[in-house]
Amino acid sequence: MKDKTLNLKKGQRIAFISVIISFCLAIMKGGVGFLFNSQVLIADAVHSTADLMTHTASGFGLWIAARGKTQKFPYGLYRAETFGCMFVGFFILMAGIELFREGIEKLFHLEAVSIFPVFPIGVSIISSVAGFIIAKMESKVGHDIGSQSLIASSKEAYLDVYTSLAVLLGILLAYFRIRYAEGSIIILLSLLLIKIGVENIWRALLVLLDANLDPELQSEIEEKINGINGVKGVGNVKIRQSGPFKMIQCIISTRPSLSLYKAHGVADKVEKMIAENYEQIESIFIHVEPNKEKKLRVIIPIKENQGLESIVHGHFARAPHYLVLELNGPERAEVIGCYDNDFLNAREHIGVKTSRQVIEYNVDLLFTASIGEISYHILKSNMIDVYQAKASRSVKETLLGYHDNRLKLLSEPSHLIETSIYPTTLTLGMNKQASIWENLSAKVKPPVKGRLISK
């Protein structure tokens, strides 16, 4: 939160620097225009005064927003910056209308100039350079901190550069008594100014009305949430713009069997993912609900693929194949596919590698006759419940046992490392293997899915 407040103060500082520069330009243009009877320069001075007001509104909005959260304003005052953006748009619109009126007058009125306008030309050049510097500063800082009012001001400042150049051209054209060209250029620039003003007013209104201004970000966040282990669905992702920041609210669903502690852990994963990937998001609210769908995805280690008649293998990591099914109530079981155990002949890390492969299949349940300590903890940490099946029973019989509540939900592995029935897993030593499973979920990416044998 401290960094966000510092960003707002940085934007506020740039806005007030722009205020000082615009004030000096308005005084200089007005004074030189009055002394040398240059109506187009006086009109540009009015335009610079409008710039001064827009920068002031932007800086004031950022100043209020930077005050942070209080007991009275628990969500912060970030929307003060949005009001600033609205006033910026309003002043840009007024400046555009005034410039349009001046352009119309210049179409039909051309005053004679007796001496070459050195000072008005010099002022216009200085104004163009100063406008470019202001635009670059505001655009960079505005995009860095996500300030819509600064970005709006920078767009107007860029146009001010072209306006000053148009004024310079108008001064020269007036000196050479060329009709219509000066007024036409000013009218064109005024229309662009009016367009930007209307767009910024409209955007500020949408923000204040909580419109969804970033559907692509919404879809991107939903896709990433669905990829998190333990999330069985996501809906109602809502994004609110509050000044330069965004606020996220969403509902995720998890398995009903998850404990409150584990469901909270899934929500923490979602919140951490959003916070790490999107700096512009200031607050995140995650609501967790049990998954209302009855569909569950199950994986079973088998000896040979014979569909529902396949025989359950005696050990999880040493099975030659894995059958993946989707359960939809006690009467329906659909075979999704059968996969090879790509690590059957591996000399070490067999439990680790097969567990990573199973995680990639996005399953909810594992039915197995026996499972080692490391494999068990890896799967449990990835929200996969492990049930103890009986070896040499068919998959069909195993499913019936699950629906009749005759399968035991394991709260610990069926055997520990010391008593492993496959001694090759001990080659690395107990301490090294223990460290493997502790860091696996956070540091190791799952491999490519195993080869699909059949459906």
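Before reading on, note that the structure itself is shown above.
Read on for an overview of the structure. This one's a predicted model, so the numbers in the text were calculated from it and none came from an experiment.

Time to look at the environment of S370. When you line up the elements, S370 lands in the loop between β7 (365-368) and α10 (373-381). Note: C-alpha distance between S370 and V386 (16 residues apart in sequence) is 9.8 Å. In this structure, S370 is in contact with G314, H315, F316, S414 and H415, ignoring residues within four places of it in sequence.

All chains considered together, the criterion is met by eight salt bridges. Residue R79 pairs with D210 through a salt bridge whose shortest N-O separation is 2.3 Å. Here R79 is found in helix α3 (residues 79-108), whereas its partner D210 is found in the loop between α6 (181-208) and α7 (215-226), with 131 residues between them in sequence. Judged by relative accessible area, D210 falls into the partly exposed class, the value being 35%. Note that E98 is salt-bridged to R101, the shortest N-O span being 2.5 Å. On the criterion of helical spacing, the pair formed by E98 and R101 is a turn pair, its members being three residues apart in helix α3. Residues participating in the shared-partner salt-bridge network are R79, D210 and R240.

Okay, the packing of helix α9 (residues 350-360) against α10 next. Two elements in contact, α9 and α10, have axes separated by 9 Å at closest approach and are oriented at 25°. Considering their axes alone, α9 and α10 lie roughly parallel with respect to each other. In this structure, α9 meets α10 at a crossing whose hand is right-handed. From α9, G351, V352, S355, V358 and I359 reach across to α10, where they touch I374, S375, I378 and L379.

Now for the sheet that holds strand β2 (residues 245-254). Spatial ordering of the open sheet is given by β1-β2-β3, a layout of three strands whose pairing is mixed. If you trace the sheet from one side to the other, it starts and ends with β1 (233-242) and β3 (281-290), each paired once. In this sheet, adjacent strand axes meet at a mean angle of 15° when their direction is disregarded. Relative to β2, β1 runs antiparallel, the two being bridged by eight bridges. Bridging across to β2, R240 finds its partner in M247. Sheet strands in contact with helix α8 (residues 260-277) are β2 and β3, and its direction is about 150° off that of β3.

Attention now goes to α10. For α10, the set of buried residues is I374, S375, Y376, I378, L379 and K380. Once α10 finishes, M383 follows within two positions and takes phi at roughly 65°, a positive value.

Before going further, it helps to spend a moment on the side chain of D340. Looking at the secondary structure, you find D340 in strand β6 (residues 333-340). Within the structure, D340 has its side chain in polar contact with the side chain of H321 (distance 3.1 Å).

Let us now look at the packing of aromatic side chains. According to the stated counting rule, one finds eight aromatic pairs in the structure shown. For the ring pair F367 and Y387, a centre distance of 5.7 Å and an interplane angle of 90° mean the geometry is edge-to-face. With F367 in strand β7 and Y387 in strand β8 (residues 385-388), the pair connects residues that are 20 residues apart, well separated along the chain. Like F367, the residue Y387 is buried in the burial classification. Consider the rings of F367 and Y402, whose centres lie 5.2 Å apart with planes at 40°: the pair is tilted. Pair noted here: F367 is in strand β7 and Y402 is in helix α11 (residues 395-403), with a separation of 35 residues, a long-range link. Judged by its relative accessible area of 16%, Y402 falls in the buried class. Among the aromatic side chains, those forming a connected cluster through ring pairs are F367, Y387 and Y402.

Time to look at the environment of I21. Position of I21 relative to the elements: it lies in helix α1 (residues 2-35). According to the relative accessible area criterion, I21 is partly exposed, its value standing at 25%. Sequence separation of I21 and L52 is 31 residues, and the distance between their C-alpha atoms is 8.4 Å. Among all residues touching I21, those that are not within four sequence positions of it are A130 and I134.

It is worth spelling out a nonpolar patch on the surface at this point. Where nonpolar side chains cluster on the molecular surface, the patch consists of F34, L35, F36, I115, F116, V118 and F119 and spans about 810 Å² of accessible area. Secondary structure elements with two or more residues in the nonpolar patch: α1 and α4 (118-145). Structurally, I115 is set in the loop between α3 and α4. Residue classification places I115 among the exposed residues on the basis of a relative accessible area of 52%.

Rules behind the numbers
Residues numbered from 1 in each chain as written. Predicted model: local features only at pLDDT ≥ 70, side-chain atom pairs only at ≥ 80, totals over all residues. Heavy atoms only, no water. Helix = DSSP H or I, 4+ residues; strand = E, 2+ residues; numbered from the N terminus. Contact = heavy atoms within 4.5 Å. Salt bridge = Lys/Arg side-chain N within 4 Å of Asp/Glu carboxyl O. Buried < 20%, exposed > 50% of the residue type's maximum accessible area, 1.4 Å probe, protein only. Axes fitted to C-alpha atoms, helices over the stretch in contact; angles between N-to-C directions. Parallel < 35°, antiparallel > 145°, perpendicular 65-115°, else oblique. Left-handed = near helix turned anticlockwise from the far one by under 90°. Pairing = 2+ DSSP bridges. Polar contact = N/O pair within 3.5 Å; in protein donor to acceptor, adjacent residues only side chain to side chain. Phe/Tyr/Trp six-rings, centres within 6.5 Å; stacked < 30°, edge-to-face > 60°. Patch = residues over 30% accessible without salt bridge, like charges linked within 9 Å, V, L, I, M, F, W, Y side chains within 5 Å. Areas by Shrake-Rupley, 256 points an atom, 1.4 Å probe, with all protein chains shown as cover.

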